[in-house]
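# A look at the structure
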Amino acid sequence: MKILSTNVYVGPNIFAGFPVIRHVIDIGVLEDWPSSKLGNEFVEKLLAAVPSLHDHHCSEGAEGGFIKRLRDGTWIGHIWEHVTLEIQTLAGMYVGFGRTRETGKKPGEYNLVFEYKQRDVGLRACELARDLLISLMPADVQTQVEHKVENDFDFAYEKVRFIRFAQKMNFGPSTQSLIDAAIARDIPYIRLNDASLIQLGYGKYQRRIQATITSETKFISVELASNKGASASLLDSLGLPVPQQRIVGSEREAVRAARQIGYPVVVKPLDGNHGRGISINLKEDEQVAEAFNVAKEVSRSVIVETFLEGSDHRMLVVNGKLVAVAKRVPGHVIGDGKHTIAELVEIVNQDPRRGVGHEKVLTRLELDYQAQQIMEKLGYTAETVLPNGEVCYLRDTANLSTGGTAIDLTDSVHPDNKEMAERAIKAVGLDVGGVDFLTTDISRSYLDIGGGICEVNAAPGFRMHTHPTEGNPRDVSGAVMDMLFPESGKARIPTVAITGTNGKTTTSRMVAHLWKQAGKIVGLTTTDGIYINGKLVVKGDTTGPVSAQMVLQDPNTEIAVLETARGGLLRSGLGYEFCNVGACLNVSADHIDITEGNGLADLAKVKRIVTDAARDVAVLNADDIECLKMAASTEAKHIFYVSMNPQHTLVREHIRLGGKAVIIEKGLNGDMITIFDNQVHIPVLWTHLIPATIEGKAVHNVQNAMFAVAMAYSMGMSLDDLRNGLRTFVNSYHQTPGRMNFYDEHPFKVLLDYGHNPAAIGMVCKFVEQTAVPGRKTAVFALPGDRTNELIEESVKLLPAHFTHYILKQDDNRRGREDGEVPNLIRDLLIKHGAKADNITIIKDEQEAVETGLKSAKEGDFLMVFADKVSRCWKQITSFKSEGNARVKDIDVRPDDHLLDKGEVDLISAAISQATIRSDSRGVIIEVEEELND
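These figures come from a predicted structure and were not determined experimentally.

### Remarks on the pattern of salt bridges
On inspection of all chains with the given rule, the structure shows 47 salt bridges. Residues R328 and D436 are paired through a salt bridge, measuring 3.3 Å at the closest nitrogen-oxygen approach. Taken as a pair, R328 in strand β14 (residues 321–329) and D436 in strand β20 (residues 432–439) lie far apart in primary sequence, 108 residues in all. For the salt bridge of R353 with D351, the shortest nitrogen-to-oxygen distance reads 2.9 Å. In this structure R353 comes out as partly exposed when scored by relative accessible area, which is 36%. Residues joined in a network through salt bridges with shared partners are D186, R492, E577 and R615.

And the structure:
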């Protein structure tokens with residue numbers, strides 16, 4: 001039972017539309033040991049250890065279905081999947097999706113896929129499930145299994161350890177309730193650390209919470225609430241009911257303060273929380289001295305205050321309004337005249353609502369040191385049998401985390417008490433705050449029967465309100481969401497995800513440019529970096545889920561444009577639950593050897609993740625059959641087809657039925673990009689007016705522009721902004737590095753492109769075919785080493801019809817190939833497909849190959865550089881000094897009445913020996929390397 005590899009998917013992925021973990025496992029000899037062969041004893045032991053497996057439906061579709069499979073016989077990988085899911089559920093993380101299938105690569109190797117809520121918990125659950133299953137196998141089988149389990153393995157003990165670990169890694173009940181409320185309101189969230197720091201909403205709409213402290217909570221208010229003395233003094237100054245208090249620093253001062261205030265008293269830490277270090281109803285000096293030392297362990301300073309009679313009530317105020325009241329009762333047992341206190345604790349803990357820590361809505365009672373101290377004061381031990389009806393409290397405080405219970409009294413609170421709580425929280429300045437109020441009857445005014453505020457809490461717990469032991473649950477988390485996001489629908493920023501084999505980067509940059517020109521701050525991920533408002537903030541290939549989350553986390557982002565590559569989808573999934581617009585530009589042969597299969601259909605399955613995740617619009621290439629198929633699985637509200645073929649039968653019918661499409665319409669002035677929407681005909685722009693299309697000759701950029709139009713229009717962009725953006729998008733190196741970048745400052749033309757698969761190379765060749773060149777056409781060419789020989793040939797065979805000469809190189813990273821293997825293979829393939837051997841040169845180093853291509857180029861030639869390191873190659877091209885850039889030794893500069901006066905002529909003449917002159921289609925150009933001071 002070996003785990004060979006692991007993928008943790010953080011969003012929609014090739015297995016599911018939500019986060020899952022995929023282990024590739026090898027069950028080894030257990031391929032010959034289905035559950036029926038492992039024996040009935042194995043099955044019964046498993047069900048005794050995890051009885052809740054009875055609830056699993058499995059493929060039978062009903063409770064007990066998995067048990068039937070177990071008894072009939074199923075493989076250990078399948079069992080491992082179900083136990084992993086159930087162990088997570090036992091820890092309060094309710095998951096239900098799993099799938100175990102053979103990889104088809106070798107016997108005993110499976111994809112084990114299961115849902116998770118928290119990464120580390122999911123991984124640990126799978127490990128624990130494996131140990132459990134092996135420990136239950138017959139001894140002779142265990143010896144054959146490679147993974148070993150300790151002889152003293154105790155699942156009951158390990159389960160408790162796991163639950164505590166899960167609680168540490170998972171959200172607490174208050175945080176979880178806030179997340180649940182956010183999800184119910186379609187507010188996305190991102191976990192920002194391993195604790196409870198959460199981002200709610202994306203981009204400019206984001207807010208943050210940590211437990212129940214929000215990004216709107218004032219620091220000074222939290223400090224004030226944490227300082228019990230200062231907050232009590234403030235409330236007292238406003239006439240609110242607070243007990244008398246003294247801040248003390250020693251046992252002697254504590255005893256003196258207790259005498260001054262008058263017994264009974266409470267001793268507590270100045271800045272404690274969760275009831276830690278509090279001692280109540282103290283009536284003697286010795287008790288006060290002991291309680292001081294207990295409180296001192298929690299805080300430097302200690303408070304002694306009047307003990308108020310009455311029950312503890314937590315009054316929760318959100319955004320200035322009281323939203324819930326809960327009466328809190330300390331953890332206790334009630335005698336029956338038969339059972340000991342220890343036995344009564346066990347009986348109480350049998351309540352299915354009680355669990356370890358925050359595992360369930362109530363926490364188990366514990367006979368720990370604090371409980372023993374309380375019993376000792378009462379003259380009891382754990383073996384004492386309480387009289388029938390007698391209540392024995394095991395805690396001084398009523399916190400749910402120590403076994404207390406809660407009774408909802410929201411509908412019973414007196415208006416005066418309600419106003420009192422709201423005034424207290426407003427005085428401290430908290431947006432979310434809890435008032436601990438002691439009174440004998442919350443339904444009667446404190447003005448009539450007394451009572452007092454023990455303390456005000458920042459970050460109050462919500463569990464007592466969302467899951468009271470008695471009474472109605474209150475949607476207090478919903479009140480917080482309504483405060484943080486008062487405008488419905490203002491939590492997400494418009495998001496477009498773009499995938500495909502070719503054109504992703506250019507199209508992504510084009511969409512980003514359109515929105516930037518329209519005045520929006522755009523977050524953009526591309527193969528060369530992350531851009532926020534046009535500025536590069538992270539350099540590198542940033543087309544995976546981590547980069548997408550960076551854009552969604554940036555507080556400046558108003559529009560997210562996410563280039564999405566195959567690699568990130570395969571490794572980690574999409575990284576967010578859905579996009580507004582999802583586009584697949586094309587699916588062609590590239591990387592097909594490293595997907596889940598070996599064909600275009602398998603590659604399309606990966607790309608389809610993006611369009612399946614589109615909520616509003618799926619933009620699909622109607623001229624690509626694999627893209628067309630994606631229409632069947634997407635749940636987007638609209639499908640927006642893009643087609644270069646105005647006679648496309650399916651698209652014409654789609655338009656006739658009121659669907660959305662972008663097509664090319666032929667006209668006297670050229671080709672018009674046209675939108676059809678609900679049978680409305682909307683001309684956008686002539687293709688030759690878009691600089692990136694190079695007067696319409698770069699057909700692939702015509703198509704990219706059509707996709708950009710479809711996406712921006714789907715996101716609500718106006719036609720004026722669309723047209724302005726298209727007219728100002730230039731296919732320059734700085735705008736789209738490595739994508740059809742021209743340099744025409746030499747006597748010959750140079751084109752740089754990153755194309756590295758048949759489709760991309762075919763687009764370049766088509767453009768070269770339309771470019772009139774009097775001289776020779778040379779390609780500086782290489783392909784990545786991780787492509788199959790067949791895929792390399794598909795690319796190479798396109799070249800001989802368009803180029804006359806070749807300089808073959810290899811990428812810096814040979815990706816598993818031998819030195820010189822790829823260029824030698826390309827040379828043989830070129831000759832096979834008609835190239836002349838004498839016109840082929842191999843220079844393995846890319847820099848040397850580019851330099852040779854530049855030096856050998858003459859006026860009127862065309863040099864095509866297929867680059868590996870784009871920026872390095874571009875720098876070589878632009879800094880190269882060709883023969884047409886000859887130094888000027890002697891030039892006659894004469895004044896012209898309309899251009900230069902004599903002083904200017906003298907100035908130029910003085911610097912002319914340091915100048916460079918060259919000529920191009922615009923005329924003669926003189927360049928001076930150093931700036932003239934005048």
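So that's the structure; there's more coming.
### Description of helix α19 (residues 504–517)
One turn of an α-helix holds 3.6 residues; hence residues three or four places apart share an orientation. When the terminal C-alpha atoms of α19 are compared, their 20 Å separation across 14 residues agrees well with the 20 Å that a helix rising 1.5 Å per residue should span. The buried fraction of α19 amounts to 12 of the 14 residues, a majority that puts the element mostly inside the structure. On its buried side, α19 packs onto β22 (495–499), β23 (522–526), β24 (529–532), β26 (559–563), α25 (699–714) and α26 (719–727). Downstream of α19 by one or two residues, G519 has phi in the positive range, about 95 degrees.

### As for unusual backbone geometry
Cis geometry marks the peptide bond from Y263 to P264; its omega dihedral reads -5 degrees. Tracing the backbone shows P264 in the loop between α11 (251–261) and β10 (265–269).

### Describing the pairing of strand β6 (residues 197–200)
On a regular strand, each side chain points to the face opposite its neighbour's, so the side chains alternate between the two faces of the sheet. Direction of pairing for strand β5 (residues 189–191) relative to β6: antiparallel, over a ladder of 3 bridges. When the bridges of β6 are listed, R191 appears paired with I198. Taken together, β5 and the strand that follows it, β6, pair antiparallel across an intervening segment of 5 residues. As paired elements, β6 and strand β7 (residues 207–210) share 4 bridges and run antiparallel to each other. Looking at β7, one finds that Q199 is bridged to R208.

### Re the side chain of K607
Take K607: it is sitting in helix α22 (residues 600–612). The exposure class of K607 is buried, given its relative accessible area of 3%. The residues contacting K607, other than those within four sequence positions of it, are T499, G500, T501, R566, C584, V587 and M630.

### Description of the packing of aromatic side chains
Going through the model one piece at a time under the given rule, you end up with 9 aromatic pairs. Centroid distance F171 to Y189: 6.4 Å. Interplanar angle 75 degrees. Geometry classified as edge-to-face. Of this pair, F171 sits in the loop between α7 (155–169) and α8 (173–184) while Y189 sits in strand β5, and the two are 18 residues apart along the sequence. For the pair F781 and F866, a centre-to-centre distance of 5.1 Å together with 90 degrees between the ring planes defines the contact as edge-to-face. You can see F781 sitting in strand β35 (residues 777–781) and its partner F866 sitting in strand β38 (residues 862–866), a full 85 residues away along the chain. Grouping residues by exposure puts F781 and F866 together as buried. Members of the aromatic cluster, joined through ring pairs, are Y733, Y743 and W874. Note that K37 overlies the ring of W33, its terminal NZ or CZ placed 4.6 Å from the centroid.

Calculation criteria
- Residues numbered from 1 in each chain as written.
- Predicted model: local features only at pLDDT ≥ 70, side-chain atom pairs only at ≥ 80, totals over all residues.
- Heavy atoms only, no water.
- Salt bridge = Lys/Arg side-chain N within 4 Å of Asp/Glu carboxyl O.
- Helix = DSSP H or I, 4+ residues; strand = E, 2+ residues; numbered from the N terminus.
- Buried < 20%, exposed > 50% of the residue type's maximum accessible area, 1.4 Å probe, protein only.
- Expected span 1.5 Å × (residues − 1).
- Contact = heavy atoms within 4.5 Å.
- Pairing = 2+ DSSP bridges.
- Phe/Tyr/Trp six-rings, centres within 6.5 Å; stacked < 30°, edge-to-face > 60°.
- Lys NZ or Arg CZ within 6 Å of the ring centre and 35° of its normal.

None of this, on its own, says anything about what the molecule does.
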